[in-house]
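Now for the letters of each chain:
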Amino acid sequence: MSERKVLNKYYPPDFDPAKIPKLKLPKDRQYVVRLMAPFNMRCKTCGEYIYKGKKFNARKETVMNELYMGLPIFRFYIKCTRCLAEITFKTDPENTDYAMEHGATRNFQAEKLIEEAEKRVVQEREEEELNNPMKVLENRTKDSKMEMEVLENLQELKELNQRQAQVDFEGMIDRYKDQEKRDKEREKEEDERETKEMLDRALVKRIRDSDSDSEKEEESSSSESKKPSTDKPTDILTTVKPAESQGTSAGGVKKAKVESWERSVGTLGCKAALGSLVVRKKPAAAVNKPRPVAAAAAPTSQTDSKAPPADSNNASKPVTTQNGSSSLSLLGAYSDSDSDDSE
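Residues numbered from 1 in each chain as written. Predicted model: local features only at pLDDT ≥ 70, side-chain atom pairs only at ≥ 80, totals over all residues. Heavy atoms only, no water.

Explain the pattern of salt bridges to me, and be specific about the residues and the numbers.
Counted according to the given criterion, the structure contains 11 salt bridges. We note a salt bridge from Arg75 to Glu61, for which the minimum N-O separation is 3.0 Å. Of this pair, Arg75 sits in strand 5 (residues 71-79) while Glu61 is found in strand 4 (residues 55-68), placing the two residues 14 residues apart along the sequence. Here the two residues Arg75 and Glu61 agree in accessibility, since each one is buried. Note that Glu66 is salt-bridged to Lys90, the shortest N-O span being 3.2 Å. (Salt bridge = Lys/Arg side-chain N within 4 Å of Asp/Glu carboxyl O. Helix = DSSP H or I, 4+ residues; strand = E, 2+ residues; numbered from the N terminus. Buried < 20%, exposed > 50% of the residue type's maximum accessible area, 1.4 Å probe, protein only.)

I'd like a description of a negative patch on the surface, backed by residues and values.
Negative charge collects at one region of the surface, where Glu185, Glu187, Glu189, Glu190, Asp191, Glu192, Glu194, Glu197 and Asp200 lie side by side. Mapped onto the fold, Asp200 is located in helix 3 (residues 169-226). Of the residues examined, Asp200 reaches a relative accessible area of 41% and is grouped as partly exposed. (Patch = residues over 30% accessible without salt bridge, like charges linked within 9 Å, V, L, I, M, F, W, Y side chains within 5 Å. Areas by Shrake-Rupley, 256 points an atom, 1.4 Å probe, with all protein chains shown as cover. Lys, Arg positive; Asp, Glu negative; His and termini not counted. Charge placed at Lys NZ, Arg CZ, Asp CG, Glu CD.)

Summarise the nonpolar core; cite the residues concerned and give the values.
Ranked by size, the top nonpolar core spans 15 residues in total, and within it Leu35, Met41, Ile50, Ile78, Ile87 and Phe89 carry the most contacts. Going through the elements one at a time, strand 2 (41-43), strand 4, strand 5 and strand 6 (86-92) are the ones with two or more residues in this core. Other than its neighbours up to four places away in sequence, Ile87 contacts Met41, Ile50, Phe76, Tyr77, Ile78, Cys80, Met100, His102, Gly103 and Ala104. (Core = buried A, V, L, I, M, F, W, Y, C linked by side-chain atoms within 4.5 Å. Contact = heavy atoms within 4.5 Å.)

Residue-level account of the packing of helix 1 (residues 110-131) against helix 2 (residues 133-164), with values.
Running from amino to carboxyl end, helix 1 crosses helix 2 at an angle of 130 degrees, the nearest separation of the two axes being 5 Å. If you check the angle between helix 1 and helix 2, you find them oblique. Where helix 1 abuts helix 2, its residues Arg125, Glu128, Glu129 and Asn131 lie against Pro133, Lys135, Val136, Asn139 and Asp143. Here the residues of the contact of helix 1 with helix 2 sort into two nonpolar, two polar and five charged. (Axes fitted to C-alpha atoms, helices over the stretch in contact; angles between N-to-C directions. Parallel < 35°, antiparallel > 145°, perpendicular 65-115°, else oblique. Nonpolar A, V, L, I, M, F, W, Y, C, P; charged D, E, K, R; others polar.)

Tell me about the UniProt feature "binding site: Zn(2+)" (unreviewed entry) in the chain, and please be specific about residues and values.
The positions that UniProt labels "binding site: Zn(2+)" (unreviewed entry) are, in the present scheme, Cys43, Cys46, Cys80 and Cys83. A maximum C-alpha distance of 8.8 Å places the annotated residues, which cover 41 residues in sequence, within one compact spot. Structurally, Cys80 is set in the loop between strand 5 and strand 6. Given the relative accessible area of 1%, Cys80 is considered buried. With residues near it in sequence (within four places) discarded, Cys80 still touches Cys43, Cys46, Glu48, Ile50, Ala85 and Ile87. (UniProt positions renumbered as here; feature names shortened; annotations may be inferred.)

Which residues make up a nonpolar patch on the surface, and what values go with them?
A surface patch of nonpolar side chains, amounting to about 330 Å² of accessible area, comprises Tyr11, Phe15 and Ile20. Inspection of the secondary structure puts Ile20 in the segment before strand 1 (31-36).

Describe helix 2, listing the residues and the values that go with them.
The end-to-end C-alpha distance of helix 2, which contains 32 residues, comes to 48 Å, matching closely the 46 Å that a straight helix rising 1.5 Å per residue would cover. Of the residues flanking the start of helix 2, the one acting as N-cap is Asn132, its side-chain oxygen 3.3 Å from the backbone nitrogen of Met134. (Expected span 1.5 Å × (residues − 1). Polar contact = N/O pair within 3.5 Å; in protein donor to acceptor, adjacent residues only side chain to side chain.)

So, the environment of Lys27: which residues are in play, and what are the values?
With respect to the helices, strands and loops of the structure, Lys27 is situated in the segment before strand 1. By relative accessible area, which is 69% here, Lys27 ends up exposed. Sequence separation of Lys27 and Glu61 is 34 residues, and the distance between their C-alpha atoms is 8.9 Å.

Help me get a handle on the packing of aromatic side chains, residues and values and all.
Under the criterion given, the structure shown has five aromatic pairs. With 6.0 Å between their ring centres and 70 degrees between their planes, Phe39 and Phe89 make a pair best called edge-to-face. A residue pair is termed long-range when its members are at least 10 positions apart, and Phe39 in the loop between strand 1 and strand 2 and Phe89 in strand 6 qualify at 50 residues. Ring centres of Tyr49 and Tyr51 lie 6.5 Å apart, and the angle between their planes is 20 degrees; on these two criteria the pair is classed as stacked. Taken together, the ring pairs connect Phe39, Phe76, Phe89 and Tyr98 into an aromatic cluster. In this structure, Lys60 is placed above the aromatic ring of Phe74, and the distance from its NZ or CZ to the ring centre is 4.5 Å. (Phe/Tyr/Trp six-rings, centres within 6.5 Å; stacked < 30°, edge-to-face > 60°. Lys NZ or Arg CZ within 6 Å of the ring centre and 35° of its normal.)

Dropping the structure here:
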């Protein structure tokens, strides 16, 4: 299998390069090349400025019968961008530059002209010194005098500056000490401020810790107070409410907290409700004599008021239950039921 990019060619054994016909091209033939303007120029026909770096499609040719140290010189043809006038310039290998021929003028050549003038002066001097030894001595004497004058002028300028300059060394030292003192004071103030901020943060943290501890203690105490004192659910029917809460609710100062079961079902601690539910067992003497109890419960103008004083006292004395409610009505109802059974 052959390679994709082949660099070598196949030459048959009977190949004769002398049989290949040669192309006869003229020596002054032109090529089309792409180039940029080598310098700033201005068209002589329309006055259009063509700046350095402007791109052109130029024609290139070799200048006949013109060489510089064996190097050929090339000429380029371009057209003005405005009037299409032809402008030509060629290479200048002697000065490593380009030379303008016709169609335009080169701009901004001040620096180049100065350099060329300096080169001409140096070249003329070298030519004079080459054939005249006395001229060489004169030129050296002039150069030495010039150098001495320059050194004297420089020394005078230095002395003048030293005379006019008045340096106050004591003032400089004082200013340095003042600056150092201010720096120390500023550092001291910064240290004090930092320590104060640290103490303030520590104090705030302690206060917050103490507040949190007190809040925790209050929450624990409130939870303990809210914790019910009864162990069985049925104990609430026989428990007695504290007198203080009853007094405050009766007086209208501040009512006690209403529990959830009281809001939904009703007040179980009421005397009327407990009176209808709880019945205290009567002693035997009270059961045998029900009439005086009924008479004491509902006194009339009849002769029943002449009952024995002991029995009337016992009958009129109310019987209290565990929650403090009166059982007088309960005894009357119980005595009525007994009388009906006996009849």
